[in-house]
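The residues making up each chain are set out below.
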Amino acid sequence: RAVSAARLVLQNTEVVLGHVLLTAVRSGKIHQVLVPRTMSMFGSFGNLFGASGPSLCADIGEPVDTRTSFGGWSHFRGTIKEDGGPCSVFKFVGNVNTDRVRIETARNGAKRLKLTRHPNVVHLKESLEVEKGDELTIYVVTEFVMPLLEHLKSVPVGTHQRDEYFALGLRQVATAVSFLSNDCSLVHGGVSMAAVFVTDRLDWKLGGLDLVSDLVSIGRGPNGDARICHSSHLIPDQYKPEEYRKGDWAVVPQGPPWAIDAWGLGCLIQEVYRGEPLLRTDQLREVGHIPDVLLKDYQRLLGSQPGKRYNPKKLVDNSSLFANKLVETISFLDTLTLKDAIEKEQFFRNLPRNLETLAKAPVERKILPQILEALLFGSAPALAVLPMLHAAQDLTDDLFAKKVTPGLVKLFSSSDKGVRCALLENLPKFIKHLSDKVVDETVYEKVFAGFTDEDGFLRELTLKSTLLFAPKLSQRAHQALLKHLSKLQIDEEPAIRANTTILLGNVAGYLAEATAKRVLLNAFTRALRDAFPPARTAGLMALAATTSYYEPGEIAGRVLPAVAPLTADIEKEVRQRAFTCLETFIELMKKHSALLERGPEAAAAAAAADKELRRQKERANVAGGGGGKQPRLSGNVLSWAVNAAAKRIAGGGMDIVGGGDREQSGRAANAEEEAAARGVDMGAKAFSSAAPPPRLYGEAYTPTSTPGISPAPSPAKFESANSRPADSFKAPPSPSPSPSP
């Protein structure tokens with residue numbers, strides 16, 4: 001790393017008189033330097049390329065309490081210079097003349113930390129040596145961690161959830177010890193509370209690798225290079241089994257590689273449940289606070305005979321202590337890529353219910369990031385979106401923006417259509433946490449793609465989600481939205497055409513006034529000509545709900561002539577809505593006529609005040625009656641149209657397909673079963689013998705699973721969908737009368 005930082009190309013290394021001769025090239029010039037073989041592999045190369053030397057990748061901050069640490073390391077909070085992320089910086093200072101043993105032990109710890117890559121071992125980011133005169137300083141930069149002792153002070157005492165969390169942490173440390181012993185034949189030599197650190201995700205990780213040594217080299221004692229033989233005095237006697245305490249190094253290789261560290265693991269268990277460091281060896285006999293399910297394993301770890309001490313691997317695999325929901329949930333997520341689709345589906349369906357029983361801290365800080373990462377990397381199905389949002393439901397806006405929003409933004413552009421559908425279905429659960437800037441500049445640009453998707457189900461979900469996005473969009477985004485809505489008004493799916501009109505009525509209050517006046521009347525009068533009865537009903541309702549945007553001349557010249565023919569519509573519901581709409585606008589014209597008698601100026605002032613009052617009421621209706629900024633999916637124009645259409649369809653009065661064909665009835669029943677499986681109450685009959693009934697217009701889905709392919713489009717299409725341009729809301733030609741009943 002140091003050579004690379006100096007833009008040197010390392011050409012050769014060779015041993016010369018007990019030193020390593022490094023040959024490097026920079027700018028065509030050859031540089032050679034002799035480095036003592038004892039120099040750390042990450043050591044100081046400052047003399048190779050000048051006094052500047054490499055700089056530490058992190059800024060050092062406040063010190064962390066290290067009263068329980070050993071080995072001469074000081075622990076500091078740090079900040080990564082490149083991205084400003086948190087980290088930990090461990091610093092060791094020694095005299096090159098008088099502290100040679102301590103320095104070599106510290107170097108061993110840094111080297112082992114660099115070479116040992118395991119999820120339950122502290123992750124090293126960078127290490128660096130700086131030598132000034134006789135003083136040598138070693139810096140080790142790691143992921144941000146806190147000493148276990150400090151962390152335990154914040155854990156509630158005497159709760160079932162605490163015991164579950166302790167079991168999870170001990171399992172992680174035991175896994176790390178098992179890895180060193182069984183897989184690497186290494187001895188840690190200092191397993192205790194002082195060697196365990198906790199990450200921001202509440203992972204317990206093993207650190208303090210200064211004494212880590214090969215099992216075989218320990219047998220050579222002080223004559224070998226095993227650091228545990230040279231610096232065993234750094235570990236207090238209460239953490240040492242008898243052979244370790246006596247320095248009987250020849251006996252150690254004769255036993256299993258986990259013998260010394262199994263004892264340390266037993267000491268750690270005692271310390272965790274005591275809540276304080278171990279002070280005397282006889283305290284290990286105090287078992288009153290050790291859980292009964294762990295007591296037998298605890299005693300096996302502390303066996304007097306090295307060969308009979310419990311293997312940490314067996315502790316991880318067999319202990320009933322770890323048979324709890326928290327450990328099982330996190331273990332499943334850790335091995336998610338190894339599970340099949342059926343196991344994943346069953347797990348994520350039950351996960352929201354299981355999360356209710358777990359402690360809040362591990363759910364938000366451990367499980368939530370795991371689910372989000374699994375979704376981002378594609379190892380989790382779309383079903384995981386709901387439990388992910390459930391885990392984040394109690395986060396503050398700041399924490400949500402930091403931990404969840406970046407991942408959600410990426411998921412909105414996912415190639416997995418099921419994930420995008422799941423996000424839109426669950427949008428009400430997290431839209432409040434998304435800032436206006438994030439929605440307008442990032443999220444909605446990705447959502448726009450759903451308007452042109454070939455899957456009608458995704459187009460419909462995108463349409464309905466727009467109601468929640470609308471208050472957070474800028475006028476620029478609204479202009480782009482209107483272009484998509486103009487095309488959806490002639491969509492092949494009749495439900496989408498109806499919902500487009502409904503949506504326009506709801507978002508009218510968020511449009512610029514000039515835009516609203518230019519767009520709304522053209523769009524709603526177009527809907528009055530639709531062949532789908534609920535679409536005509538939606539147009540009538542939207543007109544009546546946006547009266548403040550129409551001038552008296554427009555009402556007399558365009559609205560009334562467009563609505564009047566529908567009083568003779570073949571459908572009773574449409575006729576009733578047409579009469580109601582006519583009455584509303586006729587009352588407005590009567591008021592306008594009365595105001596004109598006061599004179600032009602007074603009439604204009606009174607009309608402006610009346611229009612503003614009506615607009616406030618319209619906006620309150622969109623917000624669900626509360627006048628809030630965020631619209632709701634009930635109590636507004638959208639739900640009025642839905643309820644009316646749904647009741648009418650359920651009654652059978654709008655069934656445009658005659659006959660009692662059993663095959664048609666079977667198709668309708670199957671479609672209703674499909675809707676019921678998604679949690680949608682649908683009593684509608686089929687609109688066509690070739691298609692299932694359309695979904696309820698505007699009702700929010702509460703699916704148990706995200707459907708894949710949408711039902712086939714209904715042939716009840718817009719009567720001239722293939723002949724009309726969809727690039728803008730242009731005024732349609734004069735309306736043709738609906739067929740007489």
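The structure this text deals with has already been given above.
A brief look at the structure comes next. Note that the structure is predicted; figures quoted are calculated from it, not measured.

Conventions we followed
- Residues numbered from 1 in each chain as written.
- Predicted model: local features only at pLDDT ≥ 70, side-chain atom pairs only at ≥ 80, totals over all residues.
- Heavy atoms only, no water.
- Helix = DSSP H or I, 4+ residues; strand = E, 2+ residues; numbered from the N terminus.
- Buried < 20%, exposed > 50% of the residue type's maximum accessible area, 1.4 Å probe, protein only.
- Contact = heavy atoms within 4.5 Å.
- Areas by Shrake-Rupley, 256 points an atom, 1.4 Å probe, with all protein chains shown as cover.
- Phe/Tyr/Trp six-rings, centres within 6.5 Å; stacked < 30°, edge-to-face > 60°.
- Lys NZ or Arg CZ within 6 Å of the ring centre and 35° of its normal.
- 1 Å grid on protein atoms, 1.4 Å probe; cavity = no way out; pocket = protein on both sides within 12 Å on 5 of 7 lines; lining within 4 Å.
- Points joined across faces, edges and corners; volume = space filled by probe spheres on them.
- Nonpolar A, V, L, I, M, F, W, Y, C, P; charged D, E, K, R; others polar.
- Axes fitted to C-alpha atoms, helices over the stretch in contact; angles between N-to-C directions.
- Parallel < 35°, antiparallel > 145°, perpendicular 65-115°, else oblique.
- Pairing = 2+ DSSP bridges.

**Some details on the overall build of the chain**
Part 1 of the argument: When you go through the chain residue by residue, the secondary structure sums to 28 helices and 13 strands.
Part 2 of the argument: Each of the 741 residues in the chain was classed as buried or not, and the buried ones make up 53%.
Part 3 of the argument: Pairs at least 24 apart in sequence give 66% of the contacts found in the chain among residues at least 6 apart.
Part 4 of the argument: Total accessible area on the chain is roughly 33,300 Å²; 51% of this is exposed by carbon and sulfur atoms.

**Details of the packing of aromatic side chains**
Part 1 of the argument: Overall, the coordinates contain 14 aromatic pairs when judged by the stated rule.
Part 2 of the argument: Centre to centre, the rings of Phe 90 and Phe 197 are 5.6 Å apart; their planes meet at 80°, and the pair counts as edge-to-face. Highlighted residues: Phe 90 in strand β6 (residues 86-95) and Phe 197 in strand β11 (residues 196-199), separated in sequence by 107 residues.
Part 3 of the argument: For Phe 90, a relative accessible area of 12% puts it in the buried group.
Part 4 of the argument: Its relative accessible area of 9% is what places Phe 197 among the buried residues.
Part 5 of the argument: Here Phe 347 and Phe 348 contribute two aromatic rings whose centre-to-centre distance is 5.0 Å and whose plane-to-plane angle is 80°, an arrangement assigned as edge-to-face. Phe 348 carries the same exposure label as Phe 347, and that label is buried.
Part 6 of the argument: Three or more aromatic residues joined by ring pairs form one cluster here, namely Tyr 165, Phe 166, Trp 204 and Tyr 273.
Part 7 of the argument: Between the NZ or CZ atom of Lys 240 and the centre of the ring of Tyr 244, over which it lies, the distance is 5.3 Å.
Part 8 of the argument: It is Arg 300 that lies over the ring of Tyr 310; its NZ or CZ is 5.2 Å from the centre.

**Some words on the environment of Glu 364**
Part 1 of the argument: With respect to the helices, strands and loops of the structure, Glu 364 is situated in helix α13 (residues 360-377).
Part 2 of the argument: When its relative accessible area of 12% is taken as the criterion, Glu 364 is described as buried.
Part 3 of the argument: Aside from chain neighbours lying at most four places away, what touches Glu 364 is Pro 369, Ala 391, Asp 394, Leu 395 and Lys 403.

**Points about the layout of surface pockets**
Part 1 of the argument: Of the voids in this model, the largest pocket is the one considered here, and its volume is about 1,100 Å³.
Part 2 of the argument: Forming the walls of the largest pocket are 34 residues, and the residues nearest its centre are Arg 201, Asp 203, Arg 365, Pro 369 and Glu 373.
Part 3 of the argument: Elements represented by at least two residues in the lining of the largest pocket include exactly α4 (160-183), α11 (325-334), α13, α15 (397-403) and α16 (405-411).
Part 4 of the argument: For the lining of the largest pocket, the residue count by class is 11 nonpolar, 8 polar and 15 charged.

**Thoughts on the packing of helix α18 (residues 436-447) against helix α19 (residues 456-469)**
Part 1 of the argument: Where α18 meets α19, the axes come as close as 11 Å, and the angle between the chain directions of the two elements is 170°. Overall, the two elements α18 and α19 adopt an arrangement that is roughly antiparallel. Of α19, the residues touching α18 (which contributes Val 439, Val 443, Tyr 444 and Val 447) are Thr 462, Ser 465, Thr 466 and Phe 469.
Part 2 of the argument: Looking at the contact of α18 with α19 residue by residue, the class counts come to 5 nonpolar, 3 polar and no charged.

**Description of the sheet that holds strand β4 (residues 58-63)**
Part 1 of the argument: Strands sit in the order β4-β5-β6-β8-β7 across an open sheet of 5 strands; the sheet is antiparallel. Each end of this open sheet is capped by a strand with a single partner; those strands are β4 and β7 (124-132). In this sheet, neighbouring strand axes are inclined to one another by 30° on average, regardless of whether the strands run parallel or antiparallel.
Part 2 of the argument: The pairing of β6 with strand β8 (residues 135-143) spans 9 bridges and is classified as antiparallel. From the neighbouring strand, Phe 90 faces β8, where its bridge partner is Val 140.

**What to know about the side chain of Thr 500**
Part 1 of the argument: Relative to the helices and strands, Thr 500 resides in helix α21 (residues 494-507).
Part 2 of the argument: Look at Thr 500 and you get buried, because its relative accessible area is 0%.
Part 3 of the argument: Every residue in contact with Thr 500, bar those within four places of it in the chain, is listed here: Leu 463, Leu 485, Leu 488 and Gln 489.

**A short note on the pairing of strand β5 (residues 73-80)**
Part 1 of the argument: Pairing geometry for β4 and β5, over 4 bridges, is antiparallel. Paired with Asp 59 across the strands is Thr 79, a residue of β5.
Part 2 of the argument: By the bridge criterion, 7 bridges tie β5 to β6 in an arrangement that is antiparallel. When the sheet's bridge partners are listed, Gly 78 is paired in β6 with Cys 87.

**Quick word on the sheet that holds strand β12 (residues 204-206)**
Part 1 of the argument: Spatially, 3 strands are ordered β9-β11-β12 in an open sheet, and the strand pairing comes out antiparallel. Since the sheet does not close on itself, it has two edges, and those belong to β9 (145-147) and β12, each with one partner. The mean angle between the axes of side-by-side strands here comes to 40°, regardless of whether they run parallel or antiparallel.
Part 2 of the argument: For β11 and β12, the ladder comprises 3 bridges, and the chain directions are antiparallel. Bridging from a neighbouring strand, Val 196 pairs with Leu 206 of β12.
Part 3 of the argument: Running over the sheet, α4 touches β11 and β12 and is turned about 25° from β12.

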